[in-house]
Amino acid sequence: MALTKTQLARQIRGNLELLATGGVNELPVKLPPPPPAPSRGKPARAQAPTARPAVTTQPAAQVGRKPVIVASAALDELKQFEGPQARELEPVAEQVRVCGNCTLCETRTQTVFGTGDPRSPLMIVGEAPGGDEDARGIPFVGRAGKLLTDIIEKGMKYKREHVYICNVLKCRPPNNRNPEPAEIEACRGYLQRQIEIINPKVILAVGLFPAQWLTGRKLAIGKLRGQVYDAEGRKVIATYHPAYVLRNYTVDVRKKVHEDVLLAVEILGPGPLIK
Ligand code: URA
């Protein structure tokens, strides 16, 4: 489907913003070919510059990083979806596929951009891919992912494939350590674009890092959960990370998660998310 002028303009703006997050502040401009070289014997004319300096400032190359660049499961999945959201997400997923913004690009098996229906009114944001996600290129496919699926399907009564799911970080931190602040910043533009393009009604942040990212508050997850925040017209709800729930499988923790996700259902309404 051809993009409208407005969609195209949004896509170009988004791509430029993404390049800027990667440190690219200039783009080469194609100028007309230079005038022919002066023939011998004639005085040399001042030569017009052939082009402004080309951008060679790929951060990865600049600092000697060697990003692992392989196919993207997300790009394949996006092709199955119709609508402007999928088309606008494709170039962002491509940027992520080749990203070298931080050192995680060297240790990843592949990037983990996001999964699910990009037309969804519900977006779930986790922290970072773990081992299973790094191996498959899809968020929340390990043990924590199984619990997240149960929360969506049994707790909220939605279908997982109707929800859009992604993470703050698109690459796995080695040994599943916590994301570093610099890594979160290096990845910020990608999640920002995903939110702008999908424009969900509700964002459910699972875990401390997405909760702080989305609410802009540096508080403990126990303080951030249990309420609805307004973020540029979208509703943000924070809850415990499924991996935390698995480690603390108490009635109290599970009840709190249930209460949090029901806040989202209250806003979205019951029934299929994608009709
Ligand atoms: N934990 C997360 O936060 N994200 C995943 O994708 C998997 C586990």
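Heads up: the structure comes first, above all this text.
What counts, and at which threshold
Residues numbered from 1 in each chain as written. Predicted model: local features only at pLDDT ≥ 70, side-chain atom pairs only at ≥ 80, totals over all residues. Heavy atoms only, no water. 1 Å grid on protein atoms, 1.4 Å probe; cavity = no way out; pocket = protein on both sides within 12 Å on 5 of 7 lines; lining within 4 Å. Points joined across faces, edges and corners; volume = space filled by probe spheres on them. Helix = DSSP H or I, 4+ residues; strand = E, 2+ residues; numbered from the N terminus. Nonpolar A, V, L, I, M, F, W, Y, C, P; charged D, E, K, R; others polar. Buried < 20%, exposed > 50% of the residue type's maximum accessible area, 1.4 Å probe, protein only. Core = buried A, V, L, I, M, F, W, Y, C linked by side-chain atoms within 4.5 Å. Contact = heavy atoms within 4.5 Å. Near = heavy atom within 4 Å. Polar contact = N/O pair within 3.5 Å; in protein donor to acceptor, adjacent residues only side chain to side chain. Areas by Shrake-Rupley, 256 points an atom, 1.4 Å probe, with all protein chains shown as cover. Sits in = over half its atoms within 2 Å of the grid points. Pairing = 2+ DSSP bridges. Axes fitted to C-alpha atoms, helices over the stretch in contact; angles between N-to-C directions.

Undergrad: Would you take a moment to explain empty space enclosed by the protein for this structure?
TA: Over the atoms a probe the size of a water molecule is rolled, and this reveals where empty space is left. Using the criterion set out here, one finds two cavities of 30 Å³ or more in the structure. Taken as a whole, the largest cavity encloses approximately 90 Å³ of empty space. Taken together, the elements giving at least two residues each to the lining of the largest cavity come down to helix 5 (104-107) and helix 8 (181-198). Ranked by residues supplied to the lining of the largest cavity, first place goes to helix 8 with four residues. The class makeup of the residues in the lining of the largest cavity is 10 nonpolar, two polar and three charged.

Undergrad: Before we go on, may I ask you to explain the layout of surface pockets in this structure?
TA: Of the pockets and cavities examined, the largest pocket occupies roughly 650 Å³. Looking at the largest pocket, it is lined by 27 residues, and the ones nearest its centre are Glu-127, Ala-128, His-241, Ala-243 and Arg-247. Those elements that place two or more of their residues in the lining of the largest pocket are helix 6 (131-136), helix 7 (143-155), helix 9 (208-215) and helix 11 (242-247). Among the elements that take part in the lining of the largest pocket, helix 11 stands out by supplying four residues, more than any other. Residues belonging to the lining of the largest pocket are distributed by class as follows: 13 nonpolar, eight polar and six charged.

Undergrad: What should I look at first to understand the pairing of strand 2 (residues 122-126) in this one?
TA: Look at any regular strand and the pattern is simple: side chains alternate between the two faces of the sheet. For strand 2, the tally of buried residues reaches five of five residues, placing the bulk of the element in the interior. Covered by surrounding structure in strand 2 are Leu-122, Ile-124 and Gly-126 together with Met-123 and Val-125, the residues of both alternating faces.

Undergrad: Hey, could you run me through the nonpolar core in this one?
TA: In a soluble, globular protein the nonpolar side chains are often hidden away together inside. Ranked by size, the top nonpolar core spans 64 residues in total, and within it Phe-113, Leu-122, Met-123 and Ile-124 carry the most contacts. A per-element tally of this core places helix 8 first, with eight residues. Leave out the neighbours within four places in its chain, and Met-123 touches Tyr-164, Cys-166, Leu-191, Gln-194, Ile-195, Ile-198, Pro-200, Val-202, Ile-203 and Leu-204.

Undergrad: So what exactly am I meant to see when it comes to the site of the ligand here?
TA: By nearness alone, every residue bordering the ligand is listed as Gly-126, Glu-127, Ala-128, Glu-133, Pro-139, Phe-140, Asn-167 and His-241. At 2.8 Å from an oxygen atom of the ligand is found a main-chain nitrogen or oxygen belonging to Glu-127. Asn-167 is positioned such that a nitrogen or oxygen atom in its side chain is 2.7 Å from a nitrogen atom of the ligand. Burial of the ligand by the surrounding chains reaches 92%, relative to a free accessible area of 230 Å². Among the detected pockets, the ligand sits in the largest pocket.

Undergrad: Where do I start with the sheet that holds strand 3 (residues 164-167) in this structure?
TA: Strand pairing in a sheet relies on backbone hydrogen bonds, with the paired strands running either antiparallel or parallel. Taken in spatial order, the six strands make up an open sheet running 1-3-2-4-6-5, and their pairing is mixed. At either margin of the open sheet sits one strand with a lone partner, and together these are strand 1 (115-116) and strand 5 (228-231). Sheet topology note: the strand 4 (residues 202-206)/strand 6 (residues 234-239) ladder contains five bridges and is parallel. Within strand 6, the position partnered with Leu-204 by the bridge is Ile-237. Running at roughly 140° to strand 4, helix 9 makes contact with strand 2, strand 4, strand 5 and strand 6 of the sheet.

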